[in-house]
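Coordinates in review
The lines below spell out each chain.
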Amino acid sequence: MISNLNPSSEAFLANVDRVQRAIAKASLQVSSGKRVNVASDAPSEIDTIMQLQTDGVRNQQIQNNLGVVKTDADAADSALSSAIKIMDRARTLAAEGANFTLDANGRQALAGEVQSLLEQMVAISGTVVQGRYVFGGDQDGTPPYQLDLTSDTGVARLTNASATRRVEDSAGGSFAVAKGAQEIFDARNADDSLAAGNVFASLSSLRTGLLANDTTQISAANGALQSASDQLNLSQAFYGTVQNRIENATSYSSSYDLQLTVQLSQKQDADITASALAITQGNTQLQAAFAV
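Attention in this report is confined to the structure presented alongside it. In this text, all values refer to a predicted model and were calculated from it rather than measured experimentally. (Residues numbered from 1 in each chain as written. Predicted model: local features only at pLDDT ≥ 70, side-chain atom pairs only at ≥ 80, totals over all residues. Heavy atoms only, no water.)

**Some points on the overall build of the protein chain**
Within the protein chain, the secondary structure is distributed over seven helices and six strands. Its helices and strands taken in sequence order, the protein chain reads α-α-α-β-β-β-β-β-β-α-α-α-α from the N to the C terminus. Going through the 292 residues of the protein chain one by one, you find that 37% of them count as buried. (Helix = DSSP H or I, 4+ residues; strand = E, 2+ residues; numbered from the N terminus. Buried < 20%, exposed > 50% of the residue type's maximum accessible area, 1.4 Å probe, protein only.)

Structure, rendered in structure tokens:
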């Protein structure tokens, strides 16, 4: 297209357009708070900005995941504290039952209390948090055990899922956060036979020994109860370690989140004062130009 404007007029209009565009850009920065609103604002920095934003989203998800597993670990720790107290009471009952002065009726009464303790232990193995069985392993939608006094362990195993769940931390690592109910309460050998430290079996053995008025079995059950109690203490120590790692990972994630926020701000946030000054100067230039 052929222009009818002389070079001086064309230069004037070009300068006006340049100033207007600068004012519009500064106004957008003031209204949005961002120096970089579109890729053309800083083509060389877009990749860095997008990576920082991606890292921020990932870090937020990690924080959410840590919050979930903290709730589970706290519940598991509390449940195992109760389980250990149950074993302490069971050992007291075993000592009473092994006393030669106690008659068959007295042992029958103790057997009733031991059954109650076994029922409580089964309930603990089925601890639920936010609709999930915390000791359910990788099948946390199903209770792992139910009471079955006809079995050797006094329970029926409903699932046999191991716990392979791990949680990621912001430093790039991950760690295990759970144990399955079988590992904690129903220790087994490689051939699935009962192993030392089997919590359910020790309680069941004490109960049947008391019912049978068999002091030899009662004494043997007392030793099994000690091994089972040790097993529970080891499991609680595991969850104590998990709680510490969650706390450290959460602290690191919070610090990293702040670091990402600062870096992203440096890359894309506007200097509001400078932008406001640019608007004022641009308007002044336009007024002066049009006045002339």
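Now that the structure has been shown, we can carry on.
**Quick look at the side chain of Asp-72**
With respect to the secondary-structure elements, Asp-72 resides in helix α2 (residues 46-98). Among the polar contacts made by the side chain of Asp-72, one reaches the side chain of Arg-132 at a distance of 2.6 Å. Apart from the residues within four sequence positions on either side, Asp-72 is in contact with Val-129, Arg-132, Val-134 and Arg-165. (Polar contact = N/O pair within 3.5 Å; in protein donor to acceptor, adjacent residues only side chain to side chain. Contact = heavy atoms within 4.5 Å.)

**What to know about the side chain of Ser-235**
Inspection of the secondary structure assignment puts Ser-235 in helix α6 (residues 215-268). The class of Ser-235 is buried, set by a relative accessible area of 2%.

**What to know about unusual backbone geometry**
You will see that Gln-130, though not glycine, has its phi angle at about 50°, which is positive. Position of Gln-130 among the secondary structure elements: in the loop between β1 (128-129) and β2 (132-133). We classify Gln-130 as exposed; its relative accessible area is 57%. Despite not being glycine, Asp-192 shows a phi value in the positive range, around 75°. One can find Asp-192 in the loop between α4 (181-185) and α5 (199-211).

**So, the nonpolar core**
With 49 residues, the main nonpolar core has Met-121, Phe-135, Phe-185, Leu-206 and Leu-232 as its most contacted residues. Here this core takes 15 residues from α2, the largest share from any one element. Residues within four places of Phe-185 in sequence aside, it is in contact with Leu-80, Ala-83, Met-121, Ile-124, Ser-125, Phe-135, Asn-198, Val-199, Phe-200 and Leu-232. By size, the runner-up hydrophobic cluster in this structure holds five residues, among which are Ile-49, Tyr-256, Leu-260 and Leu-264. (Core = buried A, V, L, I, M, F, W, Y, C linked by side-chain atoms within 4.5 Å.)

**Here's the deal with the packing of α2 against α5**
With their axes 11 Å apart at the nearest point, α2 and α5 run at an angle of 25° to one another. It follows from the interaxial angle that α2 and α5 lie roughly parallel. Seen from above, α2 lies across α5 with left-handed handedness. Side by side, α2 and α5 meet where Met-87, Ala-90, Ala-94 and Gly-97 of the first sit next to Val-199, Ser-202, Leu-203, Leu-206 and Leu-210 of the second. (Axes fitted to C-alpha atoms, helices over the stretch in contact; angles between N-to-C directions. Parallel < 35°, antiparallel > 145°, perpendicular 65-115°, else oblique. Left-handed = near helix turned anticlockwise from the far one by under 90°.)

**Here we look at the pattern of salt bridges**
On inspection of all chains with the given rule, the structure shows eight salt bridges. A salt bridge links Arg-157 to Asp-192, with the shortest nitrogen-to-oxygen separation between them at 3.0 Å. A residue pair is termed long-range when its members are at least 10 positions apart, and Arg-157 in strand β4 (residues 155-157) and Asp-192 in the loop between α4 and α5 qualify at 35 residues. Linking Arg-188 and Asp-186 is a salt bridge whose minimum nitrogen-to-oxygen distance equals 3.2 Å. Residues participating in the shared-partner salt-bridge network are Asp-72, Arg-132 and Arg-165. (Salt bridge = Lys/Arg side-chain N within 4 Å of Asp/Glu carboxyl O.)

**What to know about the environment of Asp-214**
Along the chain, the position of Asp-214 falls in the loop between α5 and α6. Residue classification places Asp-214 among the partly exposed positions, given a relative accessible area of 29%.

**Details of the packing of aromatic side chains**
Tallying each qualifying case throughout the model produces six aromatic pairs. Through a chain of ring-to-ring contacts, three or more aromatic side chains come together here, namely Phe-135, Tyr-145, Phe-185, Phe-200, Phe-238 and Tyr-239. The positively charged end of Lys-179 is found above the aromatic ring belonging to Phe-238, 4.8 Å away from the centroid. (Phe/Tyr/Trp six-rings, centres within 6.5 Å; stacked < 30°, edge-to-face > 60°. Lys NZ or Arg CZ within 6 Å of the ring centre and 35° of its normal.)

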